[in-house]
Amino acid sequence: MLIVVAIAVGKLAFHWVFNNRYGYFRDEFNYLSCGDHLAWGYVDQPPLLPFLVRISRVMLGDSLRSIRFLPALATSAVVVLAAMIAREFGGRGFALILTAVAVLIAPVYLSGGSLLTTNSLEPLLWMACVYFAVLAIKHNARYWLCFGVAAGLGMEEKYSIAVLGFGIVVGLLLTKQRSALKNKWFWLGGAAAFLIFLPNLIWNLNNHWPFLELMHNIRSSGRDVQLPAFEFFTQQVLLLHPLTAPIWITGVAALLLSRRLKDYRMLGWSYLVGFIAFVVLKGKNYYLAPIYPMLFAAGATSIENGIVRSRQVWLRPAIIVLLIAGGAWLTPIVVPVLPVNNFISYMNKLPFKLPRSEHSHERAVLPQHYADQFGWQEMAAMTAQAWARVPPEERPDCGIFAQDYGQAGAIDFFGPRYGLPPALSGHQTYFLWGPRNYSGNCMIVLDDRKEVLDQLFEDVEYVGTSDNPYALERNIPVFLCKGSKFGSLQNLWPKLKKWY
């Protein structure tokens, strides 16, 4: 475990060094803005991450390294937790180290430690549930209460953890461990999960289920790339690194078939349930990523036993060296260790194309998780030029309207250095925050068309266009608009709602 902890600390240090290489990510602006408006829920997420971001900013500040310290810490903790699960599976020294190294090099977890997103905390919360479920089966049923607490916190972080919970329940029903369903501690754990999740549930009820409306709109729009089962599987291999595939595939087989792990059959079934659920629901390729550390643990334990039986001890260092070398080869895909131009050359030489989860991402030079780190400061600077054209006496009633939470969040984050007010938008939770007290007679509008704005305002002045060659959103025009034709902004606001 000391070696495992050293690996986790090394991962944390690695992220600390490289987490400030490009720029702020689109979704990070969303979490920062939500953290400035604390509530029990938001249109596109539960409240836990914005709450933690708020605390993190108070303690560490706003630098890239500071706001990404939380995801770096969370994904590094997964290294240790996965090894602890391997130990409960009966793994010894090599199994623990192999588990830790597999988690370390998996691109999806390297990415999770490099950006502030809900995906970065998911593996930790999912594996906390798995760990307590294993302890409940192996040691004491009281751990089901801890399972419930972890599951409740997971629901307050991202709703997809419900798939893991459903999978474990199905797994219990299909195995001899179904007796756990009759234990009072299992139901107390369920009650704890429900009580922790209840405030967000009430928020969704009071706001007419915005998340469900959002999901319906996304599916109706055809925005996401939909993957058939085989392609979904192959992208799991890429997300987890091709060299780790033998480990986690062995883990699936071991959990379902091995006599050594027969007490944990429900975990194997939970993986199958999760895989089928996300394929049927047309989930993005990374939605199942949080479940794989437990498969690494099971697979590493089985591989260790196989090496012991075969007495091929030379395989231990060979496997570790191969994994680390292969991990280093693919690391630039998800961690900005290379300058941008060097990364583009590197990307074009890869033997495969990087997967894109949304059709709009296909037009960018860089993969979306990099492309969405560029262009925001240029956009804020161009908006400041428009703001400079507004007479001081008109500024209190001059709002800045952005098309999405990325644009609006960037204005909120970079705007204060130019004296800009917080932005308005109809996108996601910005819509719920409303038009505030702006009349609409003076608006700076980003990323719209002049012919559309001419129908809404008496005077539309084109100020300029912001651009960055690496950005996902390019050529963003900025307009200064005066004299509303639509009456008050309050009356127009319902038409500006954009939840997709």
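Data block above holds the structure.
First, a word on scope: everything that follows refers to the structure included in this document.

### Some thoughts on the overall build of the chain
1) Next: Within the chain one finds 24 helices and five strands.
2) Next: In terms of overall dimensions, the chain is globule-like: its C-alpha atoms have a radius of gyration of 24 Å, near the 23 Å expected for 500 residues.
3) Next: Projected onto its principal axes, the C-alpha positions of the chain cover 80 × 50 × 45 Å.
4) Next: In the chain, which comprises 500 residues, the share counted as buried stands at 57%.
5) Next: Of the contacts formed within the chain by residues at least 6 apart in sequence, a portion of 75% connects residues at least 24 apart.
6) Next: For the chain, the exposed area adds up to about 21000 Å²; of that, 63% sits on carbon and sulfur atoms.
7) Next: Within the chain, the 32 negative side-chain charges are centred at a point lying 16 Å from the centre of the 43 positive side-chain charges.

### So, the packing of helix 13 (residues 229-240) against helix 14 (residues 245-257)
1) Next: Running from N to C, helix 13 and helix 14 point in directions that differ by 120 degrees, and their axes come no closer than 9 Å. Looking at the two axes, helix 13 sits oblique to helix 14. Residues Phe233, Gln236, Val237 and Leu240 of helix 13 touch helix 14, and the partners they reach there are Ala245, Trp248 and Ile249.
2) Next: Taken together, the residues that form the contact of helix 13 with helix 14 break down as six nonpolar, one polar and no charged.

### So, the nonpolar core
1) Next: Judged by nonpolar contacts, the single largest core of 107 residues is most densely connected at Phe89, Trp144, Leu240, Trp248, Leu267, Tyr271 and Tyr292.
2) Next: It is helix 8 (residues 118-138) that contributes the most residues to this core, twelve residues altogether.
3) Next: Setting aside residues no more than four positions away along its own chain, leucine 240 makes contact with Ala106, Pro107, Val108, Tyr109, Trp248, Tyr292 and Phe296.

### Let's talk about the pairing of strand 3 (residues 442-446)
1) Next: In terms of burial, strand 3 is a largely internal element, five of the five residues being buried.
2) Next: Alternating positions in strand 3 separate into two faces, Cys442, Ile444 and Leu446 on one and Met443 and Val445 on the other, with burial throughout.
3) Next: With four bridges connecting them, strand 1 (residues 398-402) and strand 3 associate as parallel partners. The partner of phenylalanine 401 across the bridge, within strand 3, is valine 445.
4) Next: Here five bridges tie strand 3 to strand 5 (residues 476-484), and the two strands are oriented antiparallel to one another. By the bridge assignment, cysteine 442 is partnered in strand 5 with lysine 482.

Quick notes on the rules
- Residues numbered from 1 in each chain as written.
- Predicted model: local features only at pLDDT ≥ 70, side-chain atom pairs only at ≥ 80, totals over all residues.
- Heavy atoms only, no water.
- Helix = DSSP H or I, 4+ residues; strand = E, 2+ residues; numbered from the N terminus.
- Rg over C-alpha atoms; globule rule 2.2 N^0.38 Å.
- Buried < 20%, exposed > 50% of the residue type's maximum accessible area, 1.4 Å probe, protein only.
- Contact = heavy atoms within 4.5 Å.
- Areas by Shrake-Rupley, 256 points an atom, 1.4 Å probe, with all protein chains shown as cover.
- Lys, Arg positive; Asp, Glu negative; His and termini not counted.
- Charge placed at Lys NZ, Arg CZ, Asp CG, Glu CD.
- Axes fitted to C-alpha atoms, helices over the stretch in contact; angles between N-to-C directions.
- Parallel < 35°, antiparallel > 145°, perpendicular 65-115°, else oblique.
- Nonpolar A, V, L, I, M, F, W, Y, C, P; charged D, E, K, R; others polar.
- Core = buried A, V, L, I, M, F, W, Y, C linked by side-chain atoms within 4.5 Å.
- Pairing = 2+ DSSP bridges.

Function cannot be inferred from these measures alone, as they are strictly geometric.
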